[in-house]
Amino acid sequence: MRVLKIFLDFYINSSIHVALAVYALSWLTLLQFGIPYDENVLNFIFFASITGYNFVKYFGLAKFHHRGLAQWLKTIQVFSGICFIIMTYYALKLELKTLLYIGFFGLTTFLYAIPIIPKKIFIDKQKNLRSIGGLKVYIIAIIWAGVSVFLPLFNNQFEITDDVIITTFQRFLFVLVLMLPFEIRDLNYDGLKLATIPQKIGVKQTKLVGMLLLVLCYTLNYYKDDLDIRSLLSSLIISSITLLFLVFANQNQNKYYSAFWVESLPVMWFGVSFLLS
């Protein structure tokens, strides 16, 4: 049992789980638009997600405590280095247009973690994008939506239609709702200056907002030109499950409630859509 817990903690802390979620949403995009499985772009997204997330999460620790790094952090550093090499390999197989688009998200990730923007813009000494009050969840949602929708389509020369724009906005709303249980969990630990959604409007109102966002996300399906019953059904199922996780989220939730189960919802969405297709 202890070995299983160690494995699970490494699986989560090394960002494999979150990368699998982004990977699943990206594959879902290919599925929704009738595009065959694209190994190069999906594998790039998976390993880039591990590299990017670990860079953001552990940059400060590695920078200031390099000689005294705990063994688990050293292991994650080595693992991230290997993922970076594999990511580079798959990047060389992508279309030029895709690589140029990736550059934008790479720069955003860099600014999200590195304190180089003017101090007067920020709420604390970190001076990076994640420090700006109330901005964190929106940056994450934009990156997830942009990567999981546009990257697979760009790499397959798919035309950016109205349906693509609607899908991207739906993905933004979905990820935004996924972030709410995390923000509720961290309510006891986040500084007030972060101005998270639960801090600003309270837990009950946060859940209500999340519910409305899910309704909007589902309703947008009916504005698409190309829609079938399977897409509506899969969207309804995942919206219902997501709503349940949001309703039962609290400040004293189990450590795996958000980090594992909520983060698994994109994988569930892909699984349901794959089975229905």
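Everything discussed here concerns the structure shown above.
The structure contained in this document is the topic of the report that follows. (Residues numbered from 1 in each chain as written. Predicted model: local features only at pLDDT ≥ 70, side-chain atom pairs only at ≥ 80, totals over all residues. Heavy atoms only, no water.)

Attention now goes to a nonpolar patch on the surface. On the surface, a nonpolar cluster with roughly 350 Å² of combined accessible area is contributed by Leu208, Met211, Leu212 and Val215. Topologically, Val215 is positioned in helix 9 (residues 203-219). Among the residues examined, Val215 registers a relative accessible area of 48% and is labelled partly exposed. (Patch = residues over 30% accessible without salt bridge, like charges linked within 9 Å, V, L, I, M, F, W, Y side chains within 5 Å. Areas by Shrake-Rupley, 256 points an atom, 1.4 Å probe, with all protein chains shown as cover. Salt bridge = Lys/Arg side-chain N within 4 Å of Asp/Glu carboxyl O. Helix = DSSP H or I, 4+ residues; strand = E, 2+ residues; numbered from the N terminus. Buried < 20%, exposed > 50% of the residue type's maximum accessible area, 1.4 Å probe, protein only.)

With that settled, consider the nonpolar core. Core analysis: the largest hydrophobic core is formed by 72 residues, its most contacted members being Phe44, Trp144 and Phe174. If we skip the residues at most four places from it in the chain, Phe44 touches Met87, Tyr90, Ala91, Leu94 and Ile102. (Core = buried A, V, L, I, M, F, W, Y, C linked by side-chain atoms within 4.5 Å. Contact = heavy atoms within 4.5 Å.)

This paragraph deals with the pattern of salt bridges. Two side chains bearing opposite charge may form a pair once their charged atoms approach each other closely. The tally for this structure, following the rule as stated, stands at four salt bridges. Between Lys5 and Asp9 there is a salt bridge, with the nearest N and O atoms lying 2.9 Å from each other. Here Asp9 and Lys5 lie together in helix 1 (residues 2-13), a separation of four residues that amounts to about one turn. One salt bridge connects Lys255 with Asp9, and the closest N-O pair in it is separated by 3.8 Å. With Lys255 in helix 11 (residues 255-261) and Asp9 in helix 1, the pair connects residues that are 246 residues apart, well separated along the chain. With a relative accessible area of 18%, Asp9 lands in the buried category. What you see here is one network of salt bridges that share partners, running through Lys5, Asp9 and Lys255.

Attention now moves to the side chain of Arg171. Here Arg171 is to be found in helix 7 (residues 162-185). Asp163 provides the closest opposite charge to the buried, unpaired Arg171, separated from it by 12 Å. Of the polar contacts made by the side chain of Arg171, one reaches the side chain of Thr29; its length is 3.1 Å. Setting aside chain neighbours within four positions, we find Arg171 in contact with Leu25, Leu28, Thr29, Gln32, Ala145, Ser148, Val149 and Trp269. (Lys, Arg positive; Asp, Glu negative; His and termini not counted. Polar contact = N/O pair within 3.5 Å; in protein donor to acceptor, adjacent residues only side chain to side chain.)

Another point: unusual backbone geometry. Even without a glycine there, the phi angle at Ser15 is positive, about 70 degrees. On the secondary structure map, Ser15 appears in the loop between helix 1 and helix 2 (16-32).

Helix length check: helix 12 (residues 265-276), at twelve residues, gives a terminal C-alpha distance of 16 Å against a target of 16 Å (1.5 Å per residue), a fit within 8%. Every buried residue belonging to helix 12 is among Leu265, Pro266, Trp269, Phe270, Val272 and Ser273, and all of these are buried. Looking down the long axis of helix 12, one finds its buried residues gathered within 165 degrees of arc, a one-sided arrangement. Those residues of helix 12 that are buried are in contact with helix 2, helix 6 (136-155), helix 7, helix 10 (229-247) and helix 11. (Expected span 1.5 Å × (residues − 1). Arc of directions from axis to C-beta.)

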